[in-house]
Amino acid sequence: MLRALIFDVDGTLAETEDLHRQAFNRAFAELGLPWHWDAALYADLLTVMGGKERLAHYIDTQQPAGAEAFHALAPEIHARKTAAYGALVAESRLPLRPGIARLIAEARAAGIRLAVATTTSRPNVDRLLAINFPPGDAPFDVIAAGDEADRKKPAPDVFLLALAGLDIAASEAVAVEDSAAGISSARAAGLPVLATRSRYTGSHKLDGAFSAVSDLGEPGQPHQHIGGVEWPGGVVDLAGLMRWHEASDD
Ligand code: XBP
Ligand code: MG
């Protein structure tokens, strides 16, 4: 029986990733570091999940000017990046992706529980939810985020943490993800995955997902089907997910 949906955040709930990129650039500029990440470089760096880990990977692989300052400055860079990201999300009133609010509302109405499993830091999740849900009405029963898990995606840790918080088995939930590393992480935790491709995961193979689509879709605004299970009218809704889940139990 389907009892919960577990959502990734960056690229899945919202197109956050370019704001992460801009926030890193703001932090570099504030600290006088001569580094700048353009969209093409950021797409490459995104193979490493987690902002602190991504930064260390950049220093190790690109050895940019000023790299010797990195180790002493790393916590300060990341703290400034988190502050800048929060400001950018609020300034841009970053919306949820198509179908996310609808599916969340359908799940709440049906008593299906909701969780988040993300690599991003907890304040980033809180900020996105604060501008998209009324105060005191954030829909998630469980949020597993950032360093709360021992290992970042593609390790299964953060999805296992979400499942433990929900106190359910992986067979009772569906994960929603946008990246290859996220799909691997959820699959390693035993979860079936619905993939929605995002701006920065356009080139990712979405192998391992039982269905891959451009987004959840809305009535009158159908998604594009990419692979696997297809959804009537180009819209993923709770009824369709429940039908798929029941059939996959056979
Ligand atoms: C995507 C990520 C995140 C952000 C950066 O996470 O890799 O690390 O890019 O956030 P997900 P931090 O798709 O799992 O939500 O700087 O806070 O780590
Ligand atoms: Mg993601």
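In what follows, the structure referred to is the one given above.
Take the nonpolar core next. By size, the foremost hydrophobic cluster in this structure holds 40 residues, and its most contacted members are L5, F7, L13, F140, L194 and L241. Both of domain 1 (4–14 + 96–249) and domain 2 (17–92) provide at least three residues apiece to this core. Those residues in contact with L5 that sit more than four places away from it in its chain are L103, A107, I112, R113, L114, A115, V174, L238 and L241. Counting 25 residues, the second largest nonpolar core, distinct from the first, contains L166, A175, I183 and V193.

A word on the sheet that holds strand β1 (residues 4–7). The seven strands lie next to each other as β3-β2-β1-β4-β5-β6-β7, forming an open sheet whose pairing is mixed. The open sheet has two free edges, formed respectively by β3 (142–145) and β7 (225–228), since each of these has just one partner strand. The mean inter-strand angle of the sheet, taken between neighbouring strand axes irrespective of direction, is 15°. Both β1 and strand β4 (residues 173–177) contribute to a ladder of four bridges, which runs parallel. Note on β4: the bridge partner recorded for A4 is A173. Sheet strands touched by helix α5 (residues 100–110): β1 and β2 (113–118). Its angle to β1, the strand with the most contacts, is close to 150°. Packed onto the sheet, helix α8 (residues 180–188) meets β4 and β5 (193–196) and runs at close to 170° relative to β5.

The protein atoms that coordinate the magnesium ion (ligand 2) are D8 (OD), D10 (O) and D178 (OD), at distances of 2.1 to 2.2 Å. Going along the chain, you hit the donors of the magnesium ion (ligand 2) in the pattern D-x1-D-x167-D. One end of the pair, D10, is in the loop between β1 and α1 (17–30); the other, D178, is in the loop between β4 and α8, with 168 residues separating them in the sequence. For the pair D10 and D178, a shared accessibility class is recorded, and that class is buried.

Right, let's get into the environment of A90. Its location among the elements puts A90 in helix α4 (residues 70–92). Counting along the chain gives 146 residues from A90 to V236, while the straight-line C-alpha distance between them is 28 Å. In contact with A90, not counting residues within four places along its chain, are R127 and I131.

With respect to spatial proximity, 18 residues lie near ligand 1, and among them G51, R54, K81, T118 and S121 are the closest. Between R54 and ligand 1, the recorded distance is 2.5 Å, taken from a side-chain N or O atom to an oxygen atom. In this structure, an oxygen atom belonging to ligand 1 sits 2.9 Å away from a side-chain N or O atom of T119. Within the complex, 99% of the 450 Å² of free accessible area of ligand 1 lies under protein. Using a 2 Å cut-off from the grid points, one finds that ligand 1 occupies the largest pocket. Of all the elements in the fold, those that place two or more residues in the shell around ligand 1 are α1, α3 (51–62) and α4. Split into classes, the residues belonging to the shell around ligand 1 amount to three nonpolar, nine polar and six charged. When residues are assigned to domains, the shell around ligand 1 turns out to be shared by domain 1 (4–14 + 96–249) and domain 2 (17–92), each giving three or more.

What follows is about the layout of surface pockets. Size it by volume and the largest pocket reaches roughly 350 Å³. In terms of lining, the largest pocket is formed by 33 residues, of which the most central are D10, E17, L46, M49 and R54. Looking at the lining of the largest pocket, the elements that each hand over two or more residues are α1, α3, α4 and α8. The dominant element in the lining of the largest pocket, judged by the number of residues it contributes, is α3, at four residues. Of the residues that constitute the lining of the largest pocket, the class distribution is five nonpolar, 15 polar and 13 charged.

Summed over all chains, the structure comprises 11 aromatic pairs. Considering the side-chain rings of F24 and W37, the 4.7 Å spacing of their centres and the 40° angle between planes classify their relative orientation as tilted. Highlighted residues: F24 in helix α1 and W37 in the loop between α1 and α2 (39–45), separated in sequence by 13 residues. For the pair F24 and W37, a shared accessibility class is recorded, and that class is buried. Linked through ring pairs, F24, F28, W35, W37, Y42, Y58 and Y200 together constitute an aromatic cluster. Looking at K81, its charged tip hangs above the ring of Y85, at a distance of 5.4 Å from the centre.

What counts, and where the lines are drawn
- Residues numbered from 1 in each chain as written.
- Chains lettered and ligands numbered in written order.
- Predicted model: local features only at pLDDT ≥ 70, side-chain atom pairs only at ≥ 80, totals over all residues.
- Heavy atoms only, no water.
- Core = buried A, V, L, I, M, F, W, Y, C linked by side-chain atoms within 4.5 Å.
- Buried < 20%, exposed > 50% of the residue type's maximum accessible area, 1.4 Å probe, protein only.
- Domains from an automatic or database assignment.
- Contact = heavy atoms within 4.5 Å.
- Pairing = 2+ DSSP bridges.
- Helix = DSSP H or I, 4+ residues; strand = E, 2+ residues; numbered from the N terminus.
- Axes fitted to C-alpha atoms, helices over the stretch in contact; angles between N-to-C directions.
- Donors = N, O, S within 2.8 Å, 3.2 Å for Na, K, Ca; no water.
- Near = heavy atom within 4 Å.
- Polar contact = N/O pair within 3.5 Å; in protein donor to acceptor, adjacent residues only side chain to side chain.
- Areas by Shrake-Rupley, 256 points an atom, 1.4 Å probe, with all protein chains shown as cover.
- 1 Å grid on protein atoms, 1.4 Å probe; cavity = no way out; pocket = protein on both sides within 12 Å on 5 of 7 lines; lining within 4 Å.
- Sits in = over half its atoms within 2 Å of the grid points.
- Nonpolar A, V, L, I, M, F, W, Y, C, P; charged D, E, K, R; others polar.
- Points joined across faces, edges and corners; volume = space filled by probe spheres on them.
- Phe/Tyr/Trp six-rings, centres within 6.5 Å; stacked < 30°, edge-to-face > 60°.
- Lys NZ or Arg CZ within 6 Å of the ring centre and 35° of its normal.

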